[in-house]
Amino acid sequence: MIQTCNLVPRCILQHTSPHHLLPILLLLLRTWWGSCHPQCLDYKPPFEPRQPLAFCKEYSKFGCCDVEKDEEISGRFYNIMENFDHSGYAACGKYVRSILCQECSPYAAHLYDAEDANTPMRALPGLCGDYCSDYWQQCRYTLSLLLEDLGNSQQFANLTATIEEDHRRFCEFLVLKDKEYCYPSVLTNAELNANLGLLNEDPEGCLELCLQEVANGLRNPVAMIHADDGTHRFFVAEQLGYVWVYLANGSRIDRPFLNLTKAVLTSPWAGDERGFLCIALHPRFTTVRKAYVYYSVSVKKEERIRISEFTVSAHDDNQLDHSSERTILEVVEPASNHNGGQLLFGHDGYLYIFIGDGGRAGDPFGKFGNSQNKSTLLGKVLRVDVDFNDNSAPYSIPSDNPFLGEKEARPEVYAYGVRNMWRCSIDRGDPVTTEGRGRMLCGDVGQNKYEEVDLIVKGGNYGWRAKEGFSCYDRRLCQNSSLDDVLPIFAYPHKLGKSVTGGYIYRGCQMPNLNGLYIFGDFMSGRLMSLRENVTTGEWQYNEICMGRDQTCRFPKLINSYYKYIISFAEDEAGELYFLATGVASATARGGVIYKIVDPSRRAPPGKCSIKPSPVKIKGKLIHFHPKEEYVINKKPTTTAVPTTTTTTKPTTTKKKTRIVIKKPPMPTRKKPKPPPTTAATRKTTRKTTLPTTTLALKTTTKSASTTTVKPRTVQMAATTPATTSSTGYRTTSTTADSSRIAKTPTITTPSSGRHGRPLQYPPSTTSQYFKPQLLTTPSTKLLKQPHMTLISTPYPKAPDHRMTTAWPPYFSQTPLVPSYRPQRPLINTTLLKTQEEKLWLGEKLESAGEGNQVFKRPRGRGRGQGYKKARGGWRLRVGSVRLVSAEGLPDRGRVEIFIRGQWGTVCDDLFTIKSGSVVCRQLGFSTALAVMKRAVLGEADDSVRIFLDDVECEGGERSLLECKRSRVGKHNCSHAEDVGVICG
């Protein structure tokens with residue numbers, strides 16, 4: 001159902017004649033120029049209905065309507081057609097039906113100008129010129145009926161009366177200027193509809209997908225699992241040794257599920273492979289309440305891999321009993337790298353353990369290396385039985401293990417010849433045919449030339465160190481004809497990536513196009529890749545995955561950029577896929593983010609994938625998730641009331657009348673409508689033949705901007721004429737004395753740079769393009785002074801073929817969340833001038849809370865205004881005053897700077913929320929903060945500007961940031977890449 005609201009403010013409406021309304025409406029209903037892509041009016045991708053549609057049949061295979069919506073449109077159609085006799089029905093029914101059914105078109109959002117949530121939506125779909133001309137000649141009087149069907153039967157009377165008789169005006173109102181994508185051309189465009197509903201591909205065949213941020217602020221998230229118990233919780237492990245519980249709504253429980261930080265061996269060095277590496281829950285977790293973990297440990301200065309068993313606490317279902325740890329297996333590691341690190345329960349109920357070859361380079365241990373030596377557990381896939389072990393050995397050997405009877409072979413060995421398998425998964429199987437169920441796929445990190453993906457089979461020899469990928473590594477071993485190696489299903493050279501991260505085969509419900517697609521990545525290059533099996537030939541077809549550009553990802557909550565270092569992949573209880581990445585490859589850096597993989601080209605029909613998570617008993621507090629980035633503003637249209645003021649038009653020299661009568665000349669295709677019934681129900685759907693003259697605004701949708709945070713480090717704002725707006729819009733003028741000084745103060749801007757060093761083994765960054773918020777105002781600012789905030793996609797420059805280079809794809813964020821090593825520190829709970837040291841640092845003492853910035857007050861006498869105080873020699877800024885520094889000179893938004901000890905300094909974005917932003921905005925005379933922009937989105941200061949505040953946490957009622965909970969002034973653990981900015985309103 002189209003949601004509509006007023007486009008014209010009431011004050012303008014009361015003083016505007018009907019002749020002036022049309023230009024206003026045309027401006028507000030203009031086409032939003034951009035790439036046309038399938039999208040529905042609910043800002044989601046189209047789908048295939050679960051049942052064929054009875055009315056809008058042409059969209060039964062793919063569109064935006066289910067059966068319920070189809071029935072609703074059908075009812076609206078028959079209500080309109082009650083105004084016609086048989087001949088009128090025959091002539092005009094096809095036009096009315098076609099126009100109404102465009103809500104079901106897969107391009108509905110484009111036809112209604114609804115691709116951007118911040119631009120006005122059309123009342124009716126955009127038509128092509130020729131079709132509009134035919135419509136005008138045959139059935140132009142149905143326009144008023146279609147508009148009245150939207151509600152408020154009298155509001156469109158004058159509008160339709162003035163344009164139904166004027167072909168030019170009529171089609172100016174209805175025609176979509178985009179000739180390729182207007183109705184009905186959009187249906188006949190062969191190129192546009194050739195792959196409709198299929199996965200989007202760029203010209204080079206790269207699959208275009210989008211992402212949704214699910215969690216952030218994690219320290220090298222190495223694993224994410226679910227309990228398969230109906231709660232739809234997921235458990236996220238950090239390399240330091242923490243495991244956290246996230247609920248289905250995205251909230252995190254503040255108490256860790258497991259804390260092994262004191263036992264785990266790791267370091268803050270970027271790229272350290274040791275640490276807490278994996279966790280697996282028992283497949284019958286609801287009854288066998290056990291978890292198994294894989295981590296590095298030091299025992300008497302000897303590095304080992306430890307696999308342990310824990311039981312769930314008897315008092316809290318979201319915590320393990322730390323005292324219940326039982327060691328299942330320990331393996332000595334001769335080096336600090338190649339630790340493996342995967343635990344999986346197969347469909348056979350056995351625990352699979354994947355261990356690396358022991359480290360160093362080329363597996364130099366022994367005559368043939370550890371991987372080919374079945375008497376050691378290094379470089380192997382192990383399979384053990386951990387059931388019924390409470391009163392016996394930690395594990396037993398399955399009776400069908402392949403080397404159980406082989407002399408000198410370890411009975412735990414299930415497969416061998418692996419180098420350092422990093423991230424494996426088990427295929428759930430096709431949801432309909434169960435094809436592929438139980439298959440185990442792994443990524444095996446290579447040595448010098450190739451990375452590979454393997455399909456694990458019982459007793460398989462995967463060739464290392466004789467082979468690397470499909471090629472020989474040790475030629476002497478490679479020529480040994482006794483080696484019956486299992487070849488990879490796919491291998492790629494190091495010019496594409498140098499450290500494979502194994503993934504999952506998608507078997508979820510929400511994105512049917514992805515079914516059967518194996519999605520994996522590379523830690524070093526940051527590439528996302530995919531394989532799809534040809535069932536006939538058994539071969540796997542490769543496609544790179546890139547982030548959707550232009551309009552492809554312009555959906556609420558979707559983004560199209562991610563942090564480069566892809567650590568792991570994950571699957572939730574419903575089968576949806578995720579990957580875990582970080583901007584800094586250090587176990588102590590809070591740069592980790594979890595992304596959900598989203599296909600923007602097709603979704604499952606509404607209701608098919610709905611889940612009802614089982615309730616979870618919580619002990620402790622919930623930490624609600626706040627995404628740091630959103631691709632589009634997640635604000636749906638709202639409906640506002642239509643002005644009820646009625647005015648009478650002035651008589652002209654040619655016609656003297658105070659009422660406009662909508663004439664219905666005799667037409668062979670239409671009878672004069674019957675008088676409207678007196679019942680309230682029919683009055684809603686039948687138009688009157690004469691209506692009082694009113695000045696009316698077309699009811700359409702106004703979409704307001706919502707708070708959003710995006711990843712780009714630089715933001716370009718389009719300048720706009722300052723205008724006083726309502727409290728719901730973005731303010732464009734400032735009323736404080738502090739802001740008047742901004743123009744006198746040099747604006748500090750710094751172009752995006754790679755100042756923060758990365759580990760030497762990582763390739764340098766390249767320039768990225770991002771989406772830049774711009775302030776848009778309607779062309780007729782004299783008539784409508786309400787700017788809209790939107791995200792505009794800037795075009796990407798043509799990038800080199802990144803399939804043949806180690807350069808980063810353009811959708812990476814090149815700036816880490818934090819420096820490569822950030823030592824952990826406790827949050828400092830201080831308030832304004834809490835210590836003598838800080839008082840000396842500030843350079844003066846604030847005698848009372850009232851000494852801070854006073855909003856809406858001026859000092860007595862000839863004061864300079866808010867933020868200033870009388871001092872020897874004249875007026876000067878108070879300590880704690882704030883300003884917003886904007887490269888575009890906009891007073892309502894910019895980088896936050898605070899005045900302390902006679903100089904301006906920046907504020908870090910750590911812990912900075914909308915409440916803290918509101919404190920800043922109220923100091924500047926605004927009512928509130930509309931958005932907090934992190935990661936220097938609104939500008940990054942140069943190195944000459946000091947960083948004054950970090951870890952600022954405000955309750956919202958403070959009069960200065962110095963009154964908020966924060967670290968000591970000048971003490972910080974961040975860089976200017978994390979300068980916070982705000983948008984006030």
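Anyway, here's the lowdown on the structure attached to this text. Since the structure is predicted, the reported quantities are computational estimates derived from the model, not experimental observations.

A few points about the overall build of the protein chain
Alright, step 1. Secondary structure summary: the protein chain contains 16 helices and 43 strands in total.
Alright, step 2. Looking at the protein chain residue by residue over its 985 residues, the buried ones come to 60%.
Alright, step 3. Within the protein chain, counting contacts between residues at least 6 apart in sequence, those at least 24 apart form 69% of the total.
Alright, step 4. Accessible area for the protein chain stands at about 40800 Å²; split by element, carbon and sulfur atoms hold 51% of it.

Side note on the state of the cysteines
Alright, step 1. Going through the model one piece at a time under the given rule, you end up with 14 disulfides.
Alright, step 2. With a sulfur-sulfur separation of 2.0 Å, C128 is cross-linked through a disulfide to C182. As the torsion about the S-S bond is roughly 105°, the C128-C182 disulfide counts as right-handed. Taken as a pair, C128 in the loop between helix 5 (108-111) and helix 6 (129-139) and C182 in the loop between helix 9 (167-174) and helix 10 (185-188) lie far apart in primary sequence, 54 residues in all. Taken individually, C128 and C182 each receive the classification buried, so the pair is uniform in this respect.
Alright, step 3. Considering cysteine sulfurs only, C424 is the nearest to C278, which forms no disulfide, with 9.1 Å between them.
Alright, step 4. Of the residues examined, C278 reaches a relative accessible area of 2% and is grouped as buried.

Things to note about the sheet that holds strand 9 (residues 290-299)
Alright, step 1. In spatial order, the strands read 8-9-10-11; together these four strands make up an open sheet with antiparallel pairing. One side of each edge strand has no neighbouring strand; the edge strands of this open sheet are strand 8 (276-281) and strand 11 (320-332). Averaged over all neighbouring strand pairs, the angle between strand axes comes to 25°, with direction disregarded.
Alright, step 2. Note: strand 9 against strand 10 (residues 302-312), ten bridges, orientation antiparallel. In the strand pairing of strand 10, Y294 is matched with I307.

Some points on the environment of K374
Alright, step 1. Mapped onto the elements of the fold, K374 is located in the loop between strand 13 (351-355) and strand 14 (380-384).
Alright, step 2. Here K374 falls in the buried class, since its relative accessible area comes to 17%.
Alright, step 3. Distance from K374 to P411, taken between C-alpha atoms, is 9.0 Å for residues 37 residues apart in sequence.
Alright, step 4. Residues contacting K374, with those up to four places away along its chain left out, are K380, F403, E406, E408, A409, R410, V413 and Y416.
Alright, step 5. A polar contact of 2.8 Å, which involves the side chain of K374, links it to the side chain of E406.

Examining unusual backbone geometry
Alright, step 1. Going from Y183 to P184, the amide bond is cis rather than trans, its omega being 10°.
Alright, step 2. Structurally, the position occupied by P184 is in the loop between helix 9 and helix 10.
Alright, step 3. At the junction of W464 and R465, the peptide bond is cis and its omega measures out at 15° in the coordinates.
Alright, step 4. Mapped onto the secondary structure, R465 falls in the loop between strand 18 (450-456) and strand 19 (467-468).
Alright, step 5. Even without a glycine there, the phi angle at D363 is positive, about 45°.
Alright, step 6. With respect to the element layout, D363 can be found in the loop between strand 13 and strand 14.
Alright, step 7. Under the relative-accessibility criterion, D363 is labelled buried at 0%.

Focus: the packing of aromatic side chains
Alright, step 1. Scanning all chains against the criterion turns up 26 aromatic pairs.
Alright, step 2. When the centroid spacing of 5.6 Å and the interplanar angle of 75° are considered together, the rings of F403 and Y416 count as edge-to-face. Here Y416 lies in strand 15 (residues 413-416) and F403 lies in the loop between strand 14 and strand 15, a separation of 13 residues in the sequence. Y416 carries the same exposure label as F403, and that label is buried.
Alright, step 3. Consider the rings of Y562 and Y595, whose centres lie 6.4 Å apart with planes at 70°: the pair is edge-to-face. Of the two residues, Y562 sits in the loop between strand 26 (558-559) and strand 27 (565-571) while Y595 sits in strand 29 (residues 592-598), which places them 33 residues apart along the sequence. Each member of the pair Y562 and Y595 is classed as buried.
Alright, step 4. Among the aromatic residues, those joined into a ring-pair cluster are Y95, Y131, Y135, F170 and Y183.
Alright, step 5. Directly above the ring of F55 sits R97, whose terminal nitrogen or CZ lies 5.4 Å from the centroid.

Some points on the pattern of salt bridges
Alright, step 1. Within this structure, the stated rule accounts for 37 salt bridges.
Alright, step 2. Salt-bridge contacts for D427 lead to R439; the nearest nitrogen and oxygen are separated by 3.0 Å. A residue pair is termed long-range when its members are at least 10 positions apart, and D427 in the loop between strand 16 (421-426) and strand 17 (440-444) and R439 in the loop between strand 16 and strand 17 qualify at twelve residues.
Alright, step 3. Linked by salt bridges that have partners in common, D427, D430, R439, R507 and E533 make up one network.

Some details on the side chain of S601
Alright, step 1. The topology assignment puts S601 in the loop between strand 29 and strand 30 (622-623).
Alright, step 2. S601 sits in the buried class, given a relative accessible area of 3%.
Alright, step 3. One polar contact links S601 to N513, side chain to side chain, over a distance of 3.2 Å.
Alright, step 4. A distance of 2.6 Å separates the side chain of S601 from the side chain of D599, its partner in a polar contact.
Alright, step 5. When sequence neighbours within four positions are dropped, the list of residues in contact with S601 reads P45, P46, F62, G197, L198, L199, N200 and N513.

Regarding the pairing of strand 3 (residues 221-226)
Alright, step 1. The buried fraction of strand 3 amounts to six of the six residues, a majority that puts the element mostly inside the structure.
Alright, step 2. Looking at chain direction, strand 3 and strand 4 (residues 234-238) are connected through five bridges and run antiparallel. By the bridge assignment, P221 is partnered in strand 4 with E238.

What about the packing of helix 3 (residues 67-81) against helix 4 (residues 86-100)?
Alright, step 1. Close contact between helix 3 and helix 4 brings their axes to 10 Å; oriented N to C, the two are set at 145°. Crossing angle aside, the handedness with which helix 3 passes helix 4 is right-handed. Here helix 3 contributes I73, R76, F77, Y78, I80 and M81 to the contact with helix 4, which in turn contributes G88, Y89, C92, G93, V96, R97 and L100.
Alright, step 2. Among the residues forming the contact of helix 3 with helix 4, the class breakdown is nine nonpolar, two polar and two charged.

Comments concerning the layout of surface pockets
Alright, step 1. Considering only enclosed or pocket space, the second largest pocket measures out at about 1400 Å³ in volume.
Alright, step 2. Contributing to the lining of the second largest pocket are 44 residues, with K44, Q212, Q510, K557 and K596 lying nearest its centre.
Alright, step 3. Of all elements in the fold, only strand 2 (207-218) and strand 29 reach the threshold of two or more residues within the lining of the second largest pocket.
Alright, step 4. It is strand 2 that contributes the most residues to the lining of the second largest pocket, three residues altogether.
Alright, step 5. For the lining of the second largest pocket, a count of residues per class yields 21 nonpolar, eight polar and 15 charged.

Side note on the nonpolar core
Alright, step 1. If you look at the biggest cluster of nonpolar residues, it comprises 70 residues, and the most contacted ones within it are F276 and I353.
Alright, step 2. Counting 51 residues, the second largest nonpolar core, distinct from the first, contains I73, L111, A114 and C171.

Description of the sheet that holds strand 14
Alright, step 1. Across the sheet, four strands lie side by side as 12-13-14-15; this open sheet has antiparallel pairing. Only two strands of the sheet have a single neighbouring strand rather than two, namely strand 12 (342-345) and strand 15. Going from strand to strand, the sheet's axes swing by 20° on average, the running direction of each strand aside.
Alright, step 2. Two strands pair when backbone bridges link them, and strand 12 and strand 13 are joined in this way by four bridges, in the antiparallel orientation. Counted as the bridge partner of L344 is Y352 from strand 13.

Brief notes about the environment of S399
Alright, step 1. Examined against the element boundaries, S399 turns out to sit in the loop between strand 14 and strand 15.
Alright, step 2. The sequence separation of S399 and P411 amounts to twelve residues, and the corresponding C-alpha distance is 9.6 Å.

Observations regarding the packing of helix 6 against helix 9
Alright, step 1. Running from N to C, helix 6 and helix 9 cross one another at 130°; their axes reach a closest spacing of 10 Å. Between helix 6 and helix 9, the angle is such that the two are oblique. Two packed elements cross with a definite hand, and for helix 6 against helix 9 that hand is right-handed. Packed against helix 6, whose contacting residues are C132, S133, Y135 and W136, the element helix 9 presents H167, F170, C171 and L174 at the interface.
Alright, step 2. Along the lines of polarity and charge, the residues of the contact of helix 6 with helix 9 split into six nonpolar, two polar and no charged.

Looking at the pairing of strand 9
Alright, step 1. With eight of its ten residues buried, strand 9 lies for the most part within the structure.
Alright, step 2. For strand 8 and strand 9, the ladder comprises five bridges, and the chain directions are antiparallel. Each residue of the ladder has a partner; that of L281, found in strand 9, is A291.
Alright, step 3. Linking two consecutive strands that pair antiparallel, namely strand 9 and strand 10, is a turn of two residues; a positive phi of about 55° is found at K300 within it.

The rules behind these values
Residues numbered from 1 in each chain as written. Predicted model: local features only at pLDDT ≥ 70, side-chain atom pairs only at ≥ 80, totals over all residues. Heavy atoms only, no water. Helix = DSSP H or I, 4+ residues; strand = E, 2+ residues; numbered from the N terminus. Buried < 20%, exposed > 50% of the residue type's maximum accessible area, 1.4 Å probe, protein only. Contact = heavy atoms within 4.5 Å. Areas by Shrake-Rupley, 256 points an atom, 1.4 Å probe, with all protein chains shown as cover. Disulfide = S-S within 2.5 Å. Pairing = 2+ DSSP bridges. Axes fitted to C-alpha atoms, helices over the stretch in contact; angles between N-to-C directions. Polar contact = N/O pair within 3.5 Å; in protein donor to acceptor, adjacent residues only side chain to side chain. Phe/Tyr/Trp six-rings, centres within 6.5 Å; stacked < 30°, edge-to-face > 60°. Lys NZ or Arg CZ within 6 Å of the ring centre and 35° of its normal. Salt bridge = Lys/Arg side-chain N within 4 Å of Asp/Glu carboxyl O. Left-handed = near helix turned anticlockwise from the far one by under 90°. Nonpolar A, V, L, I, M, F, W, Y, C, P; charged D, E, K, R; others polar. 1 Å grid on protein atoms, 1.4 Å probe; cavity = no way out; pocket = protein on both sides within 12 Å on 5 of 7 lines; lining within 4 Å. Points joined across faces, edges and corners; volume = space filled by probe spheres on them. Core = buried A, V, L, I, M, F, W, Y, C linked by side-chain atoms within 4.5 Å. Parallel < 35°, antiparallel > 145°, perpendicular 65-115°, else oblique.

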